[in-house]
Amino acid sequence: MPGPRAFALALALSVAPLAAPAVQPDEILTDPGLEARARAITAELRCVVCQAESIDDSNAEIARDLRLLVRERLTEGDSDAEVLAFVTDRYGEFVLFRPPFTWRNAVLWLSGPLFLLLGAGLAFAYVRRRSTAPAPPRPPLTPEERARLEALTNE
Amino acid sequence: MIVELGHFALILALLVALLQAVVPMVGAARGWADWMRVAVPAAGVQFALTLAAFLALMHAFVVSDFSVRLVADNSHSLKPMIYKVAGTWGNHEGSMLLWVLILTLFGAMVAFWGGNLPPGLRARVLAVQATIAAAFLGFILLTSNPFARLVDPPFDGNDLNPLLQDPGLAFHPPFLYLGYVGLSMAYSFAIAALIEGRVDAAWARWVRPWTLLAWMFLTIGIAMGSFWAYYELGWGGWWFWDPVENVSFMPWLLSTALLHSAIVVEKRDALKSWTILLAILAFSFSLIGAFVVRSGVITSVHAFASDPERGVFLLMILGAFIGGSLTLYAWRAPVLRSGAVFSVVSRESGLVVNNLLLVVATLVVFFGTIWPLLAEMLAGRKVSVGPPFFDLAFTPFIVALAVILPPFSILPWKRGSLARAMSPLWGVLALSVALGALAWSLQTGGAMLAPVGITLAAWLVLGAFADIASRIRLSRAAPAESLRRALNLPRADWGKAIAHAGLGVSIFGIACITAWASEDIRAMKPGDSFPVAGYVLRLDGVEHSTGANYSADTATIAILRDGAEIGTLHPEKRFYPVQRMPTTEAAIDRGLTRDLYVALGDPQEDGGWAVRTYVKPFANWIWIGALIMAAGGATSLTDRRYRVGAPARRAQRAAAAATPAE
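Residues numbered from 1 in each chain as written. Chains lettered and ligands numbered in written order. Predicted model: local features only at pLDDT ≥ 70, side-chain atom pairs only at ≥ 80, totals over all residues.

### Here we look at the overall build of chain B
So, step 1. For chain B, the count of helices and strands is 22 helices and ten strands.
So, step 2. When its C-alpha atoms are laid out on the principal axes, chain B stretches across 80 × 75 × 60 Å.
So, step 3. The burial tally for chain B puts 55% of its 662 residues in the buried class.
So, step 4. If you take every contact in chain B between residues at least 6 apart in sequence, the share linking residues at least 24 apart comes to 74%. (Helix = DSSP H or I, 4+ residues; strand = E, 2+ residues; numbered from the N terminus. Buried ≥ 20, exposed ≤ 12 C-beta atoms within 10 Å, placed from the backbone. Contact = placed C-beta atoms within 7 Å.)

### Some words on the domain arrangement of chain B
All names here are of chain B.
So, step 1. Structurally, chain B comprises domain 1 (1-160) and domain 2 (520-620).
So, step 2. Placing the centre of domain 1 and that of domain 2 at their C-alpha centroids yields a distance of 43 Å.
So, step 3. Each residue belonging to the side of domain 1 that touches domain 2 can be placed in one class, and the counts come to two nonpolar, two polar and two charged. (Domains from an automatic or database assignment. Nonpolar A, V, L, I, M, F, W, Y, C, P; charged D, E, K, R; others polar.)

### Section: helix α18 (residues 449-471) of chain B
So, step 1. Along its 23 residues, α18 of chain B runs 33 Å from first to last C-alpha, staying within 8% of the 33 Å computed at 1.5 Å per residue.
So, step 2. Where α18 of chain B ends, the next residue or the one after it, R473 of chain B, has phi of about 55°, a positive value. (Expected span 1.5 Å × (residues − 1).)

### Details of the interface of chain A and chain B
So, step 1. Facing the 51 residues of chain A at the interface are 69 residues of chain B.
So, step 2. Elements with a contribution of two residues or more to the side of chain A that touches chain B: α1 (4-12) and α5 (106-132) of chain A.
So, step 3. Of the residues contributing to the side of chain A that touches chain B, the split by class is 33 nonpolar, nine polar and nine charged.

### What about the nonpolar core?
So, step 1. Judged by nonpolar contacts, the single largest core of 249 residues is most densely connected at F136, A186, F189, A279 and L460 of chain B.
So, step 2. Once residues lying within four places of it in the same chain are set aside, the contact partners of F136 of chain B are M96, W99, V100 and L103 of chain B. (Core = buried A, V, L, I, M, F, W, Y, C linked by C-beta atoms within 7 Å.)

### A short note on the environment of A36 of chain A
Residue and element names in this part refer to chain A.
So, step 1. Tracing the backbone through its elements, the reader meets A36 in helix α2 (residues 32-42).
So, step 2. What makes A36 exposed here is the crowd of 11 C-beta atoms within 10 Å.
So, step 3. When the C-alpha positions of A36 and T102 are compared, they lie 27 Å apart, and in sequence the two are 66 residues distant.

### Considering the sheet that holds strand β10 (residues 609-617) of chain B
Residue and element names in this part refer to chain B.
So, step 1. With respect to topology, four strands assemble into an open sheet ordered β1-β10-β9-β8, the strand pairing being antiparallel. The sheet is open, and its two edges are formed by β1 (518-524) and β8 (587-589), each paired on a single side. Geometrically, the sheet is characterised by an average inter-axis angle of 20° between neighbouring strands, direction not taken into account.
So, step 2. Two strands pair when backbone bridges link them, and strand β9 (residues 594-603) and β10 are joined in this way by eight bridges, in the antiparallel orientation. Following the sheet pairing, Y597 is matched in β10 by Y614. (Pairing = 2+ DSSP bridges. Axes fitted to C-alpha atoms, helices over the stretch in contact; angles between N-to-C directions.)

See the structure below:
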């Protein structure tokens, strides 16, 4: 609960060290445009041995290998989508922090809009009913309240 | 000996909780006043016993009693005192004990200040509260005993996870727990109301301050966690959509919705059963949070199996309290029909929309958080849901909320007109769009994030001002008249404006840091310098030193502006030998307009060091905004109508003095 990730890790007794930030100076590409694309891609890829960390943030050895791999593919002229596909082919859908919009993930992606539509329908029906309802009679006092009222008025 | 006394006190607390769970409930059902009254001293005793147990555990940590397994596993004799004290709750068992301690504290507060509650309601609320306490005391004693001894005590302890050795540990968990557990009050009141079959304005007036208090703590607790992560993790991230963060965020979203719907119950006698449902859900999500973190189930289905005893026990508690309350709700909620009439355009409707957006946003977070679990359990697929999903799926709801907030919060009760609500806001709208356009023209790229965020932020902050200004007829009436009106404006209205403005301030910070943060990663040797965001940073040297329970490499980096040295930063790399773990202590030059954030990386082969520099524009506005929101809550809390536990006697004295209320 506390200390967002840090405390979670401690409590879950997980061991992935979060210490230093990930990208090393020697990894950076000289072409700033390519480098920016590489960073955007690595932020979307999950480190397979860490807990909920992207390879961009991770300190793990495998994350570094993947960062270098992504840069290598980009330098060789792959498009962003091709790089993502390349990595997913090897490590599975698990590494994608943004689940692809396929029919298997449709429920996830559409949950917000669907809940909104459903909720809006219910809310509108409720508000409509309230706006056309006749004014209610006052609820009668409970015996407890009547006793208290009597006690107060007798004072 | 003290440890055994603590253990014994905890067992007694469980017995008292069981008594308090049963006797007042029976008394309330039968109308036996003396049975109902048992709840009051019982709640006090339960708190005192739990406090005694907690202090006994803290004592064991302070004196480094390594014959206690928990202390041996999580402490070390060389650890600084503050982390020995805070280390009490820096582990599973201790943090559960803190959780229960706060639960009993809230029960004791209701017992102490609840003199003006109807006796039946108070008895039932305290009985429900004690039921929760009994469940968690049982959990601690049976599966997570913090007082377990070791037959063969080690010479020294295993130390605390270095990431937790930070002042943040002293404050963040207690605040967060005050928030989580504070929501148990709303839950207990909701259950009591369902049993009684009655929800009225007086009920809402009792629930609101408790919810507000819990919400304030939760707001501060989450903000502190975010602030802590920002400087501790070494790259200036402040929110990760990590499952553990999400489970703290969901109760916050729901309690925000609850705060707003309780207003409708109080003022208009509508939305009753919905408010009850929200109260149940808000605390249920707190419980889910405890479960998720403790069982590790979200991390992986397999982590759950690594400690099945705790996981199953928690799952049973969860099932009983969530399932039980929802069943009770389904059975009793139809009794709670209300007949308030309001038009489609009214503040009631506005608050319904607020609730709709907040609850749907919560569900999106919930779905995203449990999706990996569902996919693995149901389809055997291993998938991840991370920040890119949440940014995309969650943000639209908050944007929508910010768009509608100013006019909807101005709408009058019962019947209003959007045109009239907008009339004090047209100028604000124009100014906000102008500020957004200015931001757009100043930034080089074409991304709309910062301009839209700044427009929304200005819309919220200025909208809150405009609301107050029109309420006090600023510049339309004489200044003295405006001042008189300002002084007479209920505190709750000030609180509302302050909290809404705080949201705007946070949105501003979030938009700016997300859109405009920049970074620089390079290898440097002593004497090297480089320019960043109008400054020049120069590495003067790196020195090795030894701390209390760690060794450190500390860099000295000078900040120069126009050739003159205006400050130095000391980023550090530490190594904690007991846990064999390195940490990064970033150095931050904080400011209102930007943070200059420097982290020291690894030594390079050629004798240089990796240095990471981040410029985080307006970072602090995120947390300042959260503090402003909490301040708004505090202001509202001092409103005489909702004052927490304003003792009945004082109210009577005020009535006797015959000052006309309102």
